[in-house]
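The primary structure of each chain is shown beneath.
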Amino acid sequence: MDIERKTLDAISAEGTDWQDDAPCATADFDFIPDTETDDGLAAAQTWCRACDVRTTCLAWAMLHGAEGYWGGTSTYQRNQLRRVRTRAKCPLCLATALVYDDPHELCLACGVSWVRDVREEPIAATPLPAAAA
């Protein structure tokens, strides 16, 4: 099987045949508990660490928003992976190595400094939802 096919299989949202061959299919461990704990995650990771379908499992859980332990991760960890991340950049050289001394910013890469109006362009802000019409 070529690499493109493996990649396509890993991110496919169709089917769950891959679950049949996973070691967790016959495990006596609850991979979808009512409450996820650090101990539960550690136990799940012992099963997932050597699993051949771990990547597919994680991709499926990410695509479907599954709860529980999937691909050696917890629901919280997958939610963190889904988060939108933005980072302030220098307007001149686009470097991200910045020093903040409110309201001034200094780029450590090129030395330019500026004042950012955080009301207009918040630092490390996530996109705002579209306004309702």
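Draft legend 1. Geometry of the environment of V112. Position of V112 relative to the elements: it lies in the loop between β2 (104–107) and β3 (113–115). When its relative accessible area of 25% is taken as the criterion, V112 is described as partly exposed. Ignoring sequence-local partners within four residues, the contact set of V112 consists of C90, L92, E105, L106 and C107.

Draft legend 2. Fine view of the pairing of β2. Along β2, the buried face is formed by E105 and C107; none of H104 and L106, which line the opposite face, is buried. With four bridges connecting them, strand β1 (residues 98–101) and β2 associate as antiparallel partners. Bridge pairing links L98 to C107 in β2. The pairing of β2 with β3 spans three bridges and is antiparallel. Considered in β3, the bridge of L106 is made with S113. Two successive antiparallel strands, β2 and β3, enclose a turn made up of five residues, where G111 displays a positive phi of approximately 90°.

Draft legend 3. Representation of the sheet that holds β1. Taken in spatial order, the three strands make up an open sheet running β1-β2-β3, and their pairing is antiparallel. With one partner strand each, in any of the chains shown, β1 and β3 form the two edges of the open sheet. In this sheet, neighbouring strand axes are inclined to one another by 20° on average, regardless of whether the strands run parallel or antiparallel.

Draft legend 4. Quick peek at a negative patch on the surface. Together, D17, D20, D21 and D52 give the surface a local cluster of negative charge. Looking at where D21 falls in the secondary structure, it is placed in the loop between α1 (3–11) and α2 (38–48).

Draft legend 5. Region of interest: the confidence of the model for the protein. On average, the protein scores 78 in pLDDT, and the residues at 70 or more come to 72%. Within the protein, α1 has the poorest average pLDDT of any element, 51, and α2 the best, 93.

Draft legend 6. Representation of the environment of A44 within the structure. Along the chain, A44 falls in helix α2. Of the residues examined, A44 reaches a relative accessible area of 0% and is grouped as buried. Separated by 27 residues in sequence, A44 and G71 have C-alpha atoms that sit 8.6 Å apart. Beyond its immediate chain neighbours, meaning those up to four positions away, A44 contacts F29, F31 and Y69.

Draft legend 7. Local environment of the side chain of T73. Within the secondary structure, T73 is located in the loop between α3 (54–64) and α4 (75–82). Reaching out from T73, the side chain makes a polar contact with the backbone oxygen of W70 at a distance of 2.7 Å.

Draft legend 8. Spotlight on the packing of aromatic side chains. Evaluated as defined, the whole model comprises four aromatic pairs. Three or more aromatic residues link up through ring pairs in this structure, and these residues are W18, W60 and W70.

Draft legend 9. Quick peek at the state of the cysteines. Within the structure shown, the criterion is met by zero disulfides. Take C90: it sits in no disulfide, and the sulfur closest to it among the cysteines is that of C110, at 3.7 Å. Owing to a relative accessible area of 1%, C90 belongs among the buried residues under this scheme. The cysteine C110 is free of any disulfide, with C107 supplying the nearest cysteine sulfur at 3.7 Å.

What counts as what
- Residues numbered from 1 in each chain as written.
- Predicted model: local features only at pLDDT ≥ 70, side-chain atom pairs only at ≥ 80, totals over all residues.
- Heavy atoms only, no water.
- Helix = DSSP H or I, 4+ residues; strand = E, 2+ residues; numbered from the N terminus.
- Buried < 20%, exposed > 50% of the residue type's maximum accessible area, 1.4 Å probe, protein only.
- Contact = heavy atoms within 4.5 Å.
- Pairing = 2+ DSSP bridges.
- Axes fitted to C-alpha atoms, helices over the stretch in contact; angles between N-to-C directions.
- Patch = residues over 30% accessible without salt bridge, like charges linked within 9 Å, V, L, I, M, F, W, Y side chains within 5 Å.
- Areas by Shrake-Rupley, 256 points an atom, 1.4 Å probe, with all protein chains shown as cover.
- Salt bridge = Lys/Arg side-chain N within 4 Å of Asp/Glu carboxyl O.
- Lys, Arg positive; Asp, Glu negative; His and termini not counted.
- Charge placed at Lys NZ, Arg CZ, Asp CG, Glu CD.
- pLDDT = per-residue confidence, 0-100.
- Polar contact = N/O pair within 3.5 Å; in protein donor to acceptor, adjacent residues only side chain to side chain.
- Phe/Tyr/Trp six-rings, centres within 6.5 Å; stacked < 30°, edge-to-face > 60°.
- Disulfide = S-S within 2.5 Å.

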